[in-house]
Amino acid sequence: MSTTDDLELIERAKRGNVEAYEELVRRYQHDARRTAAVIVGVSLADDAAQEAFVRAFGFLHRFRSGSPFRPWLLAVVANVARNQSRSTRRWTRAVRAPGERGISATHAPSAEDEALARRREGTVRAALDTLPIRYRDVVACRYVLDLSEAETAQVLGIARGTVKSRLSRALDRLERQLDREVHHA
Amino acid sequence: MPESNSRLLVESELRAFSHELDAALEPLDLSSAVTRRLEESSARIRPRERVRRRRLVAALAATLAVAATLAIPPARAAVTNFLEVGAVRVHEAPPPGGRATAGPLRLGELTALDAARARMAAVVPAARGLGSPDEVWFDGTAGGVTSLVYRAGRGLPAAKNTDGIRLLVQEFTGDGSGFLHKYLTNGSHAQQVAVGPYDSVFITGGDHFLAYDAATGEGVTADGRLVGNALIFQREGLTIRIEGDLPLARMVSIGASLR
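Residues numbered from 1 in each chain as written. Chains lettered and ligands numbered in written order. Predicted model: local features only at pLDDT ≥ 70, side-chain atom pairs only at ≥ 80, totals over all residues.

Some words on the overall build of chain A
Now for step 1: Within chain A, the regular secondary structure consists of eight helices and zero strands.
Now for step 2: Put simply, chain A runs from its N terminus to its C terminus through helices and strands in the order α-α-α-α-α-α-α-α.
Now for step 3: Taken over 185 residues, chain A has a buried fraction of 48%.
Now for step 4: Within chain A, contacts between residues at least 6 apart in sequence are counted, and of these 65% link residues at least 24 apart. (Helix = DSSP H or I, 4+ residues; strand = E, 2+ residues; numbered from the N terminus. Buried ≥ 20, exposed ≤ 12 C-beta atoms within 10 Å, placed from the backbone. Contact = placed C-beta atoms within 7 Å.)

Notes on the overall build of chain B
Now for step 1: When helices and strands are tallied, chain B shows five helices and 14 strands.
Now for step 2: Counting across all 259 residues of chain B, residues that qualify as buried make up 40%.
Now for step 3: A fraction of 63% describes how many contacts in chain B between residues 6 or more apart in sequence connect residues 24 or more apart.

Notes on helix α7 (residues 149-156) of chain A
Now for step 1: Among the eight residues of α7 of chain A, six are classified as buried, and the element is accordingly described as predominantly covered.
Now for step 2: Directly beyond the C-terminal end of α7 of chain A, a positive phi value near 70° is found at Gly-157 of chain A.

Side note on the nonpolar core
In summary, soluble globular proteins display a tendency toward joint burial of nonpolar side chains.
Now for step 1: Core analysis: the biggest nonpolar cluster contains 102 residues, and Ala-32, Ala-36, Ala-49, Ala-52, Phe-53, Leu-73 and Val-77 of chain A have the highest contact counts within it.
Now for step 2: Two domains each provide a minimum of three residues to this core, namely domain 1 (3-84) and domain 2 (104-184) of chain A.
Now for step 3: Setting aside its immediate chain neighbours within four residues, Ala-49 of chain A contacts Gln-29, Ala-32, Arg-33, Ala-36 and Val-77 of chain A together with Leu-30 of chain B. (Core = buried A, V, L, I, M, F, W, Y, C linked by C-beta atoms within 7 Å. Domains from an automatic or database assignment.)

Observations regarding the environment of Gly-108 of chain B
Residue and element names in this part refer to chain B.
Now for step 1: With respect to the element layout, Gly-108 can be found in the loop between β3 (88-91) and β4 (109-111).
Now for step 2: Residue classification places Gly-108 among the partly exposed positions, given that 19 C-beta atoms sit within 10 Å.
Now for step 3: When the C-alpha positions of Gly-108 and Thr-146 are compared, they lie 8.6 Å apart, and in sequence the two are 38 residues distant.
Now for step 4: Once residues lying within four places of it in the same chain are set aside, the contact partners of Gly-108 are Trp-137, Phe-138, Asp-139, Gly-140 and Val-145.

Quick notes on the pairing of strand β14 (residues 238-244) of chain B
All names here are of chain B.
Now for step 1: When you tally the buried positions in β14, you get seven out of seven residues, the bulk of the element.
Now for step 2: Alternating residues of β14 divide into Leu-238, Ile-240, Ile-242 and Gly-244 and Thr-239, Arg-241 and Glu-243, and every residue in both groups is buried.
Now for step 3: For strand β7 (residues 167-172) and β14, the ladder comprises six bridges, and the chain directions are antiparallel. Looking at β14, one finds that Glu-171 is bridged to Ile-240. (Pairing = 2+ DSSP bridges.)

With respect to the pairing of strand β5 (residues 135-139) of chain B
Residue and element names in this part refer to chain B.
Now for step 1: For β5, the buried fraction is high: four of the five residues fall into the buried class.
Now for step 2: Here β4 pairs with β5 via three bridges, running antiparallel. The partner of Thr-111 across the bridge, within β5, is Val-136.
Now for step 3: Two elements, β5 and strand β6 (residues 145-150), share five bridges in a ladder whose sense is antiparallel. Paired with Val-136 across the two strands is Leu-148, which belongs to β6.

With respect to helix α2 (residues 18-40) of chain A
All names here are of chain A.
Now for step 1: Between the first and last C-alpha of α2 there are merely 27 Å, a value that for 23 residues lags more than 12% behind the 33 Å anticipated at 1.5 Å per step.
Now for step 2: Of all the bends in α2, the largest measures some 55° and sits at Tyr-28.
Now for step 3: Positive backbone phi, at 95°, marks Gly-41, one or two positions downstream of α2. (Expected span 1.5 Å × (residues − 1). Bend = angle between axes of the 7 residues up to and from the residue.)

As structure tokens, then:
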């Protein structure tokens, strides 16, 4: 799907064409639902994404023609989801609890390997939960939502350099936590 | 375990979340539901309404500009409900709910002028005696906001409710419809003036209430703050807001010196 198509749809939607906007919803709903899911959890993600699409339609006049639509939309989704999230839910729990799945392996793991893998996995998740939200959001954007550095900057409203530095610090922390855990195992 | 292996494991685990999300989200098409809601709420005509409203406001502003100055008395039974200047909307009314309490100043992240200029076409006052800003802040929301902070010195009087800031110059990009709201409270009034070739609004005479839209414009946030004198104008794609306890002439001079 070309960017030009998006631009045409956006311009039509800005003029009040709901059918054009419906096509944009179809194109970006997957990303929107994923973004909402990392903030409010899977069970509430669809409601949040739907609400965000409705609100984004009303904000379309603020969207600058020619700029990337995806990060703009996901910023709306993230804001709506955050507002809907009344608890301090941790996004690592949005999908499953630690230890429910083993780390994928290229060979049949032994019982000891599986136990160690579960321990490491649980450690990463536990460490994620202790990260400050500003770090966790960057990690979620880059690794879970697979956003580019520039998109992450736009969605979170921070500079690209800040994305880099926060991601680096977050990974360092996770790595150190994992090392400590493994050495003590 | 070598450090690189730890990093790989961490990254592998993080990417695993992404796949789990896909698996956890049931296939669903939101488009019909969104369309239905838009039609039910009549939201489909909002963009057109906004265009009409903005044209009306532009026409009103042009009419007002014919006069050299226009004083808008406080608490007047308004002919107009608001006046838009770039990214700022001045409401001739108290804030929603009547709340008017000092809240936090939101500037984004501390940065350097060059870094801010890499993100937007920020300008800096060249007014005599002002010097360079003590701090430069950048907020990437709503198209980008650069804030120049001047603290003590340079003959700047202390201003209230500004966290020790004596002069604040904020520059907003974007199409700027209502990113900032100013609510005139008792005693404050708006005066239309010129900053070089640009129409401007100077707010003085009492506290007025500043409220921010959320990052992507989803309504006015709950908290705002009371500010003193403010000069607002739009130039070359930027909305400029100068805040401080300075007389009109000094603020206009600073505004006109932006380079």
